[in-house]
Amino acid sequence: MRTQVAIIGAGPAGLLLGQRLHQAGIDAIVIERRSPDYVLGRIRAGVLEQGTVDLLDELGLGRRMHAEGLVHGGINLGHRNLRDRVDLHGLTGGKNVTVYGQTEVTRDLMEARQAAGAPSIYEAEQVALHDFDGAAPRVTWRQGGVEHELHCDVIAGCDGFHGVSRQSVPSSALHTCERVYPFGWLGVLSETPPVAGELIYSNHARGFALCSMRSLTRSRYYIQCALDDHVEQWSDDAFWDELRHRLDPETAEALVTGPSIEKSIAPLRSFVAEPMRFGRLFLAGDAAHIVPPTGAKGLNLAASDVRYLSDALIRYYRDNDAGGIDGYSERCLARVWKAVRFSWWFTSLMHRFPETGEFGQKLQEAEIAYLVGSNAASTALAENYVGLPL
Ligand code: APR
Ligand code: PHB
């Protein structure tokens with residue numbers, strides 16, 4: 001088998017890249033370890049920057065997003081039993097974010113790929129990357145006991161943090177930076193109306209809480225939890241009680257609770273691998289970098305990587321010009337590090353850190369009070385939240 005671009009992973013990064021290459025007339029095959037249902041079963045964040053919305057629109061994938069997505073012009077910060085709004089729209093000269101779940105983005109991409117007749121291989125076992133340091137890379141995998149081989153010009157490693165692509169690069173050729181945070185997020189999805197019209201990020205002495213949503217009838221809530229907590233320890237009632245404690249009294253009063261339809265714990269990490277290119281292998285999305293979910297930058301960074309990588313590949317194939325692929329890593333990393341910084345800052349501001357005690361809590365409260373009272377400080381938050389320019 002032969003293709004131009006072998007894409008490893010059918011998450012948002014791999015599927016977005018596949019769609020953009022398909023639109024440009026470049027052949028690609030997506031190779032995914034799991035089944036489509038498994039991929040769609042993963043619940044992730046759901047806040048799209050304008051640049052991500054634009055990319056989906058350009059790919060002809062905006063119909064459902066515009067019909068069902070919720071456009072938000074602000075977020076709320078909870079602190080000291082108060083709730084203050086940051087006017088994203090007003091502070092950024094008219095920019096908004098769109099609340100539309102990653103699951104829905106992935107579903108739209110999968111359907112578009114299928115409708116276009118573009119090839120995807122799901123449930124590929126033992127995916128392995130070969131010879132990407134030379135001119136003739138290959139990918140092999142097993143399926144139904146049979147070994148398959150794909151020859152290609154380029155491999156796009158879009159297989160997430162635990163994928164095989166980054167791990168295939170010799171460790172001497174990659175530099176990694178990592179910060180693991182001393183807590184996790186316990187998330188609950190419920191068929192209940194959201195407690196407020198816009199997201200609430202709440203700093204509380206008992207720990208961080210986030211009120212988010214998937215639609216006007218489906219809510220997503222998170223509370224900061226201990227790293228060694230298990231979901232089984234958290235009954236629905238215990239979750240709702242703890243969430244109420246961490247919200248201002250008016251919001252707590254308005255909270256509508258119901259049975260959880262999904263409950264999970266995720267660790268928080270910042271991670272960057274550099275460079276994002278090794279020979280003919282290009283990393284994109286979570287395969288190259290992870291941010292903690294505070295601020296919902298993960299999917300948006302995957303989308304900006306894909307824009308840069310697809311631009312570079314289109315230039316390479318159409319104009320026979322390797323300038324874009326040579327500059328890919330540097331271009332991505334400049335934006336990635338800014339989002340890593342923002343996500344780290346927002347995480348540090350909103351969570352309880354075991355080692356900082358009351359002093360740390362007071363500093364956070366002072367910073368949030370400053371932030372909501374200062375046009376300059378809230379503009380800095382707003383322009384990062386809606387997404388820095390591409
Ligand atoms: N071979 C093939 N596919 C693999 C392999 C492998 N060895 N390992 C992992 N995969 C697949 C995973 O099953 C998954 O479907 O790669 C895909 C990677 O998808 P994501 O983890 O969603 O990563 P990405 O597409 O970069 O999306 C970034 O997703 O994780 C969130 O917060 C993140 O929102 C961000 C977005
Ligand atoms: C979510 O809705 O899951 C979500 C929203 C905003 C975040 C993180 C997660 O910052």
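What you see is a predicted model, and the numbers here were worked out from it, not measured in a lab. (Residues numbered from 1 in each chain as written. Chains lettered and ligands numbered in written order. Predicted model: local features only at pLDDT ≥ 70, side-chain atom pairs only at ≥ 80, totals over all residues. Heavy atoms only, no water.)

Student: Would you mind going over the sheet that holds strand S19 (residues 281-283) in detail, with residue names and values included?
Tutor: The strand order across the open sheet formed by 6 strands is S8-S2-S1-S12-S19-S18, and the pairing between neighbours is mixed. What marks the edges here is a single partner per strand, and that holds for strand S8 (120-121) and strand S18 (277-278). Inspection of the sheet shows strand S1 (residues 5-8) paired to strand S2 (residues 28-31) by 4 bridges, in the parallel sense. Residue pairing for S2: Val 5 is matched across the bridge by Ala 28. (Pairing = 2+ DSSP bridges. Helix = DSSP H or I, 4+ residues; strand = E, 2+ residues; numbered from the N terminus.)

Student: I'd like a description of the nonpolar core, backed by residues and values.
Tutor: Ranked by internal contacts, the top residues of the largest apolar core, which has 75 residues, are Val 5, Ile 7, Ile 31 and Val 139. Broken down by element, this core gets its largest block of residues, 10 residues, from helix H10 (residues 298-319). Once you skip the residues sitting within four places of it in the chain, Val 5 turns out to touch Leu 21, Ile 26, Asp 27, Ala 28, Ile 29, Val 154, Ala 156, Leu 313 and Tyr 317. Leu 77, Tyr 181, Trp 345 and Ala 377 belong to the second-largest nonpolar core, a separate cluster that totals 33 residues. (Core = buried A, V, L, I, M, F, W, Y, C linked by side-chain atoms within 4.5 Å. Buried < 20%, exposed > 50% of the residue type's maximum accessible area, 1.4 Å probe, protein only. Contact = heavy atoms within 4.5 Å.)

Student: Tell me about the site of ligand 2, and name the residues and values.
Tutor: Around ligand 2 there are 16 residues in total, and Tyr 201, Ser 212, Arg 214, Tyr 222 and Pro 293 lie nearest to it. Between an oxygen atom of ligand 2 and a main-chain N or O atom of Gly 295, the distance comes to 3.0 Å. Residue Ala 296 places a main-chain N or O atom 3.3 Å away from an oxygen atom belonging to ligand 2. Protein contacts shield 99% of the accessible area of ligand 2, which totals 270 Å² for the unbound molecule. Here the shell around ligand 2 is built from residues that sort into 9 nonpolar, 4 polar and 3 charged. (Near = heavy atom within 4 Å. Polar contact = N/O pair within 3.5 Å; in protein donor to acceptor, adjacent residues only side chain to side chain. Areas by Shrake-Rupley, 256 points an atom, 1.4 Å probe, with all protein chains shown as cover. Nonpolar A, V, L, I, M, F, W, Y, C, P; charged D, E, K, R; others polar.)

Student: Account for helix H6 (residues 102-115), with residues named and values stated.
Tutor: Look at H6: 20 Å from first C-alpha to last across 14 residues, which is about the 20 Å you get at 1.5 Å a residue. What H6 keeps buried is the set Gln 102, Thr 103, Val 105, Thr 106, Asp 108, Leu 109, Met 110, Ala 112 and Arg 113. Immediately downstream of H6, the backbone of Gly 117 shows phi near 70 degrees, a positive value. (Expected span 1.5 Å × (residues − 1).)

Student: Let's hear about the pattern of salt bridges: which residues, and what values?
Tutor: Applying the stated criterion across every chain, the model contains 23 salt bridges. Across the pair Asp 153 and Arg 2 runs a salt bridge whose closest N-O atoms are separated by 2.4 Å. Pair noted here: Asp 153 is in the loop between strand S11 (146-151) and strand S12 (154-157) and Arg 2 is in the segment before S1, with a separation of 151 residues, a long-range link. By relative accessible area, Asp 153 is classed as buried at 17%. Judged by relative accessible area, which is 53%, Arg 2 ranks as exposed. Of the charged contacts, one joins Arg 107 and Glu 104 as a salt bridge, the two residues approaching to 3.5 Å between their closest N and O atoms. One end of the pair, Arg 107, and the other, Glu 104, are both in helix H6, 3 residues apart, so they sit about a helical turn from each other. When its relative accessible area of 31% is taken as the criterion, Arg 107 is described as partly exposed. One network of salt bridges, in which partners are shared, links Arg 64, Glu 68, Glu 104, Arg 107 and Asp 108. (Salt bridge = Lys/Arg side-chain N within 4 Å of Asp/Glu carboxyl O.)

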